[in-house]
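For reference, the chains in residue letters:
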Amino acid sequence: MNRREPLRVAVIGTGRMGADHVRRIDRVVSGARVTAVVDIDAERAKAVAAGVDGCTAHTDPAAAMAAADVDAVLVASSGPAHEAALLTAFEHDLPVLCEKPLTPDAASALRVMEAEQALGHRRVQVGFMRRYDTEYVRLKSLLETGRLGRPLMLHNRHRNVSSPPFFTSAMLISDSVAHEVDATRWLLGHEITAVTVLRPTPSAGAPEGLTDPQFVVLETDGGALSDVEIFVNCGFGYQVQAEVVCERGTARIGDGHALVTHTAGRWGGTITQDWTERFAQAYDDEIQTWVDTTRRGEITGPSTWDGYAAAAVCEAGVRALEAGGRVEVDLVEKPALYR
Ligand SMILES: NC(=O)C1=CN([C@@H]2O[C@H](COP(=O)(O)OP(=O)(O)OC[C@H]3O[C@@H](n4cnc5c(N)ncnc54)[C@H](O)[C@@H]3O)[C@@H](O)[C@H]2O)C=CC1
Ligand SMILES: O=C1[C@@H](O)[C@H](O)[C@@H](O)[C@H](O)[C@H]1O
């Protein structure tokens, strides 16, 4: 594809992320417009479509993707619905931006990866938006200069104000730590080989029965360790921090010190409250990049392989959480399409 006209996008799933991406494509990003939205909740789809000129509402993803006025698909339905949407997009050879997770488990991610290989070319960019966050990008660029030497350890903190009612102890890993799994692989350029999950006494602020917080240790094939404090009911803010410790220095992001105020006897700032606020710039750049590359006929960014690797690591993490101990990650050989 080499489109001079705006890219015509179908957005599948009009919940929190889908509706925000529709707004972004409609009002923030250039070179694209939303021509169709899909949700199994017909009223939700209609409400979102009503706010966008020339946008139709559907309840069936396949019907929307078959429409003549769709060039590309943004999948923002719930994780278990991603596989079907991706396979349908492949049937029409449509490029896809798929929110994380690619799929919720390694077996389904592998099926998607095999289907994409059968097409013979990449079609998917996975929504690991931290790769577009200015601070993460600067950290990665610094590591690539080699000035700090070899990375030895990566310390991550990932805190949410509160978890939704449907959140399970496994989801702290599969839904939340999935981001640190990708960030670790991307920043260090290593694959993750084993996962251990430690469980402090749950916070009194966590819902009954939820193992929150958790402390996850990821081992890599480059000999580094990456640890993640995941705490999804911290109560005070949305914080994502990362500090890399190298042989000749350290570097840290996510302190949120952009604006510091000094008032009578105090100094301080504000803490972001959720991901749409903390990562607004990253989502904007992620979607703009996807639109620009797709219009040029290119696919860049986190690949189906990255989505599969994250799913396999998270699956090992959930086993480590549930059974205890250290669980090794079993990855298939990386296919040529993703090398
Ligand atoms: N990159 C990031 O930071 C974030 C990514 N996400 C991801 O975005 C996706 C959506 O999450 P949310 O918007 O928070 O969830 P949500 O629950 O608010 O929205 C999901 C929507 O998908 C619809 N849906 C479910 N099955 C469908 C199907 N088969 N076809 C069409 N629509 C269907 C639901 O009716 C709902 O409206 C998930 O994959 C989630 O992991 C969510 C939050 C942040
Ligand atoms: O992807 C996300 C959510 O699904 C997840 O539940 C949150 O913990 C993450 O911070 C957010 O970025």
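Residues numbered from 1 in each chain as written. Chains lettered and ligands numbered in written order. Predicted model: local features only at pLDDT ≥ 70, side-chain atom pairs only at ≥ 80, totals over all residues.

**Observations concerning the sheet that holds strand 15 (residues 326-328)**
To be explicit about the condition: For two strands to pair, DSSP has to find at least two bridges joining them. Only DSSP runs of H or I with at least four residues qualify as helices, and only runs of E with at least two residues qualify as strands; both kinds are numbered from the N terminus onward. Between N-to-C directions, angles span 0 to 180 degrees; the directions come from axes that are lines fitted to C-alpha atoms, helices contributing only their stretch in contact. We call two residues in contact when the distance between their C-beta atoms, placed using the backbone, is within 7 Å.
Strand order in the open sheet formed by 7 strands is 12-11-7-10-9-8-15, and the pairing between neighbours is mixed. In this open sheet, the two edge strands, each paired with only one partner strand, are strand 12 (249-253) and strand 15. Averaged over all pairs of adjacent strands, the angle between strand axes in this sheet comes to 15°, irrespective of strand direction. Alignment of strand 8 (residues 192-198) against strand 15, held across 3 bridges, turns out to be antiparallel. For Ala194, the partnering residue across the bridge sits in strand 15 and is Glu328. The sheet strands contacting helix 7 (residues 171-188) are strand 7 (151-159), strand 8, strand 9 (214-220), strand 10 (225-231) and strand 11 (239-246), and the helix crosses strand 7 at an angle near 150°.

**Quick notes on the domain arrangement of the protein**
Under the convention used in this document: Domain boundaries shown here were taken from an automatic or database domain assignment.
According to the domain assignment, the protein contains domain 1 (7-129 + 281-303) and domain 2 (131-278 + 311-338). Counting residues at the interface gives 23 residues for domain 1, matched by 16 residues for domain 2. Every element with two or more residues in the side of domain 1 that touches domain 2 is listed here: helix 5 (106-119) and helix 9 (280-295).

**Notes on the site of ligand 1**
Here is the rule: We call a residue near a molecule or strand if the C-beta atom, set from the backbone, is within 6 Å of it. Ten residue types, Ala, Val, Leu, Ile, Met, Phe, Trp, Tyr, Cys and Pro, are classed as nonpolar, four, Asp, Glu, Lys and Arg, as charged, and the remainder, Gly among them, as polar.
Surveying the vicinity of ligand 1 reveals 24 residues, the closest of which are Gly13, Gly15, Met17, Ser77 and Ala81. Of all the elements, helix 1 (residues 16-27) adds the most residues to the shell around ligand 1, at 3 residues. For the shell around ligand 1, the class distribution of residues is 9 nonpolar, 8 polar and 7 charged.

**Here's the deal with the confidence of the model for the protein**
Let me state the cut-off plainly: pLDDT: the predictor's confidence for each residue, scored from 0 to 100.
In this model, the protein carries a mean pLDDT of 97, and residues with pLDDT of at least 70 account for 99%. When pLDDT is averaged over each helix and strand of the protein, the minimum, 94, is found for strand 14 (residues 266-268) and the maximum, 99, for strand 10. Note on the complex model: pTM 0.97, ipTM 0.99.

**Description of the packing of helix 5 against helix 10 (residues 304-323)**
Counted only if it meets this: Orientation is classified from the angle alone, with under 35 degrees giving roughly parallel, over 145 giving roughly antiparallel, 65 to 115 giving roughly perpendicular, and any other angle giving oblique. The handedness criterion is simple: a crossing whose near helix is rotated anticlockwise from the far helix by less than a right angle is left-handed, and one whose near helix is rotated clockwise is right-handed.
Where helix 5 contacts helix 10, the two axes come as close as 8 Å, and the packing angle between them is 165°. Here helix 5 is positioned roughly antiparallel relative to helix 10, judged by the angle of their axes. Between helix 5 and helix 10 the crossing geometry is left-handed. Touching Ala106, Ala109, Leu110, Val112, Met113 and Glu116 of helix 5 are Thr304, Trp305, Gly307, Tyr308, Ala311, Ala312 and Glu315, all from helix 10. Residues that form the contact of helix 5 with helix 10 fall into these classes: 9 nonpolar, 2 polar and 2 charged.

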